[in-house]
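So you can see what is in the structure, the chains are spelled out below.
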Amino acid sequence: MRILVLGGDGYLGWPTALHLSQCGHEVAVADNFVRRQYDLELGVDSLVPIESLHTRVTAWQERTGKTIEMFIGDLTDADFTYEMIREFRPDAVVHFAEQRAAPYSMIDRKHAVYTQTNNVVGTLNLLYAIAEIDPEIHLVKLGTMGEYGTPNIDIEEGWLELEHKGRKDRVLYPKRPGSFYHLSKVHDSHNMEFACRIWGLRATDLNQGVVYGQETPETTLDDRLATRFDYDAVFGTVLNRFVIQAVLGHPLTVYGSGTQTRGIIDIRDTVRCIQLACENPAERGEFRVFNQMTESMSVRDIAATVSESFPGEVTIDNLDNPRVEKEEHYYKVTHTGLVELGLVPHMLSDTLITSLFDVAKRHVDRVREAALMPGVNWRSPGAERTSER
Ligand code: NAD
Ligand code: USQ
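Keep in mind the model is a prediction, meaning the values are calculated, not measured. (Residues numbered from 1 in each chain as written. Chains lettered and ligands numbered in written order. Predicted model: local features only at pLDDT ≥ 70, side-chain atom pairs only at ≥ 80, totals over all residues. Heavy atoms only, no water.)

A. Molecular detail of the overall build of the protein chain. The number of helices and strands found in the protein chain is twelve helices and 14 strands. Taken against the 2.2 N^0.38 rule, which gives 21 Å for 389 residues, the C-alpha radius of gyration of the protein chain at 20 Å falls within 12% of a compact globule. The principal-axis extent of the C-alpha atoms belonging to the protein chain is close to 65 × 55 × 45 Å. A total of 389 residues make up the protein chain; the buried ones form 56% of that total. Put simply, 81% of the contacts in the protein chain that link residues at least 6 apart link residues at least 24 apart. (Helix = DSSP H or I, 4+ residues; strand = E, 2+ residues; numbered from the N terminus. Rg over C-alpha atoms; globule rule 2.2 N^0.38 Å. Buried < 20%, exposed > 50% of the residue type's maximum accessible area, 1.4 Å probe, protein only. Contact = heavy atoms within 4.5 Å.)

Spelled out as structure tokens, the structure:
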């Protein structure tokens, strides 16, 4: 298949592009490098050094003989998006290219507006480009488990069978997300469902849980193929942060009681799920949703797992929760769709955590400790406003 990976320079986009290429697909990547720009803005950097996209693509060709085409541009620029789809003519487009950090979207008005504009307009341009150029193209879009929030009923895969006053219907599952970032994904899901219903497009929305891990079989072929590994309080995700904090001897930063529960997934399963979704496309007119997570864990249990696997002393700090989120709640998620397509999940095992400790140890001198503590507070709009607003 011809597969275009949008956001192909990012944490997940790059390993996914390599995996799809390794599986024999014809792959192109697109990116505007804004993720590297956020690092400059926040004064942080990936813990693991990463090469430029050009060097990465060259290294992949040297190692495997396989080529990956590059498109450099911004999805919110409709001309760029249309041109790219016309030129590459993909069978499937995998869309990772959004601002993805909840704390970043909650810094102030400017960052909330940027996040929603970037994410919603980019996806809308893409939907129009697919509809006008070739509606057969299958859109595989990264959504998030956080779209659902923490409802007091089971979370289904995107849709809910509803009975109301004696009548039945199948409706989009009600959403109650916890940040302007997570909300942008809800807006995208609605726009995609509409495009499938009105224009007959085919789309798969992958509501992914929190990803952990840094290595895949393809990224470890060469140091130049490494993907990023974020530890800071804005872009670092919880398990990855706890691993780095353990290595540094810094207390693990559990927000609140830590009883809040999330769906999680190993990065090696992320790339496999995308492959399965691409190779088994949705039908024309179908808005298909999978919950892309493999197990649920409370933040407290994630901290305990990291602490028990670390060969040294680890302390846990329960910080005042900077976010507004339920800490005591029901959480039961249906996630059978991808398993039915063939996913054999990696569960959080000591083996993976141990290898992550090694990755963190190798680069520990690159950590800026000041970036570890959370600075963005959900309760104070604008507290972190930048001077150029
Ligand atoms: P990332 O920030 O590392 O990668 C996203 C890439 O998209 C970056 O390289 C960025 O430069 C690019 N990009 C952003 N806006 C763009 C635009 N307008 N035009 C072109 N390129 C643009 O993020 P990631 O962790 O790899 O996440 C990828 C996707 O998966 C996101 O949509 C995210 O919401 C979703 N997701 C991530 C996680 C996780 O734990 N990392 C979990 C669930 C869902
Ligand atoms: N948390 C801590 N301590 C920390 C960091 C986080 O206790 O140091 C807690 C948070 O309060 C939250 C949970 O851990 O309850 C998850 O936080 P996170 O920062 O790991 O994840 P989140 O903000 O939800 O966002 C990440 C990705 C995002 C993706 C989402 C999947 O950045 O792109 O959409 O995970 S999900 O959570 O399923 O919506």
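What follows picks up the thread again.
B. Broad picture of the side chain of Asp205. Structurally, Asp205 can be placed in strand S8 (residues 202-208). Salt bridges are absent for the buried Asp205, whose nearest opposite-charge side chain, Lys141, sits at 5.0 Å. (Lys, Arg positive; Asp, Glu negative; His and termini not counted. Salt bridge = Lys/Arg side-chain N within 4 Å of Asp/Glu carboxyl O.)

C. Structural context of the packing of aromatic side chains. Scanning the entire structure with this criterion turns up ten aromatic pairs. Both rings, one in Tyr38 and one in Phe235, keep their centres 5.4 Å apart while their planes meet at 15°; by these two values the pair is stacked. Residue Tyr38 is found in helix H2 (residues 34-42), and its partner Phe235 is found in the loop between strand S9 (210-212) and helix H8 (238-248); the two are separated by 197 residues along the sequence. For the pair shown, Tyr38 and Phe235 are each scored as buried. Taken together, a centroid distance of 4.9 Å and an interplanar angle of 70° make the contact between Phe310 and Phe357 edge-to-face. Of this pair, Phe310 sits in the loop between helix H10 (299-309) and strand S14 (316-319) while Phe357 sits in helix H12 (residues 350-362), and the two are 47 residues apart along the sequence. The exposure classification of Phe310 matches that of Phe357, with both residues buried. An aromatic cluster is built from Tyr38, Tyr104, Tyr114 and Phe235, whose rings are joined through pairwise contacts. Here the basic side chain of Arg2 rests over the ring of Phe88, its NZ or CZ set 4.2 Å away from the ring centre. (Phe/Tyr/Trp six-rings, centres within 6.5 Å; stacked < 30°, edge-to-face > 60°. Lys NZ or Arg CZ within 6 Å of the ring centre and 35° of its normal.)

D. Examining the sheet that holds strand S12 (residues 287-292) more closely. Strand order in the open sheet formed by seven strands is S3-S2-S1-S4-S5-S8-S12, with parallel pairing between adjacent strands. The open sheet is flanked by strand S3 (68-72) and S12, the only strands paired with a single partner. Neighbour to neighbour, the strand axes of the sheet diverge by 20° on average, direction disregarded. Where strand S5 (residues 138-144) meets S8, seven bridges bridge the pair, whose relative direction is parallel. From the neighbouring strand, Lys141 faces S8, where its bridge partner is Asp205. (Pairing = 2+ DSSP bridges. Axes fitted to C-alpha atoms, helices over the stretch in contact; angles between N-to-C directions.)

E. Up close: the site of ligand 1. Looking at ligand 1, there are 28 residues lining it, with Asp31, Arg100, Asn118, Tyr181 and Lys185 nearest. Residue Phe96 places a main-chain N or O atom 3.2 Å away from an oxygen atom belonging to ligand 1. Take Asn118: an N or O atom from its side chain is 2.7 Å from a nitrogen atom of ligand 1. Those elements that provide at least two residues to the shell around ligand 1 are H2, S5, helix H7 (180-199) and S9. Its residues assigned to classes, the shell around ligand 1 comprises eleven nonpolar, nine polar and eight charged. (Near = heavy atom within 4 Å. Polar contact = N/O pair within 3.5 Å; in protein donor to acceptor, adjacent residues only side chain to side chain. Nonpolar A, V, L, I, M, F, W, Y, C, P; charged D, E, K, R; others polar.)

F. Summary view of the site of ligand 2. Neighbouring ligand 2 are 23 residues, the closest being Arg100, Thr144, Tyr181, Thr253 and Glu325. In this structure, an oxygen atom belonging to ligand 2 sits 2.7 Å away from a main-chain N or O atom of Gly146. In isolation ligand 2 has 730 Å² of accessible area, and contact with the protein removes 94% of it. Listed by contribution, the elements that provide at least two residues to the shell around ligand 2 are H7, H8 and strand S10 (252-255). Of the residues contributing to the shell around ligand 2, the split by class is nine nonpolar, nine polar and five charged. (Areas by Shrake-Rupley, 256 points an atom, 1.4 Å probe, with all protein chains shown as cover.)

G. Up close: the pairing of S12. Of all six residues in S12, six are buried; the element is thus mostly enclosed. Burial along S12 is two-sided: Phe287, Val289 and Asn291 and Arg288, Phe290 and Gln292, pointing in opposite directions, are all buried. With six bridges joining them, S8 and S12 adopt parallel strand pairing. Residue pairing for S12: Asp205 is matched across the bridge by Val289.

H. Geometry of the nonpolar core. Grouped together as the largest cluster of nonpolar side chains are 35 residues, with contacts concentrated most on Leu4, Leu6, Phe71, Met84, Ile85, Val93 and Leu139. Elements supplying a minimum of two residues to this core: strand S1 (2-6), strand S2 (26-31), helix H4 (78-88), helix H6 (109-133), strand S6 (159-164), H7 and S12. (Core = buried A, V, L, I, M, F, W, Y, C linked by side-chain atoms within 4.5 Å.)

I. Expanded view of the packing of H6 against H7. Two elements in contact, H6 and H7, have axes separated by 9 Å at closest approach and are oriented at 15°. As the angle between them shows, H6 and H7 are arranged roughly parallel. Handedness of the crossing formed by H6 with H7: right-handed. Counted together, Ala112, Thr115, Gln116, Asn119, Val120, Thr123, Leu124, Leu127, Tyr128 and Ala131 of H6 and Phe180, Tyr181, Leu183, Ser184, His187, Asp188, Asn191, Met192, Ala195 and Trp199 of H7 form the full contact between these two elements. Residue composition of the contact of H6 with H7, grouped by class: twelve nonpolar, seven polar and one charged. (Parallel < 35°, antiparallel > 145°, perpendicular 65-115°, else oblique. Left-handed = near helix turned anticlockwise from the far one by under 90°.)

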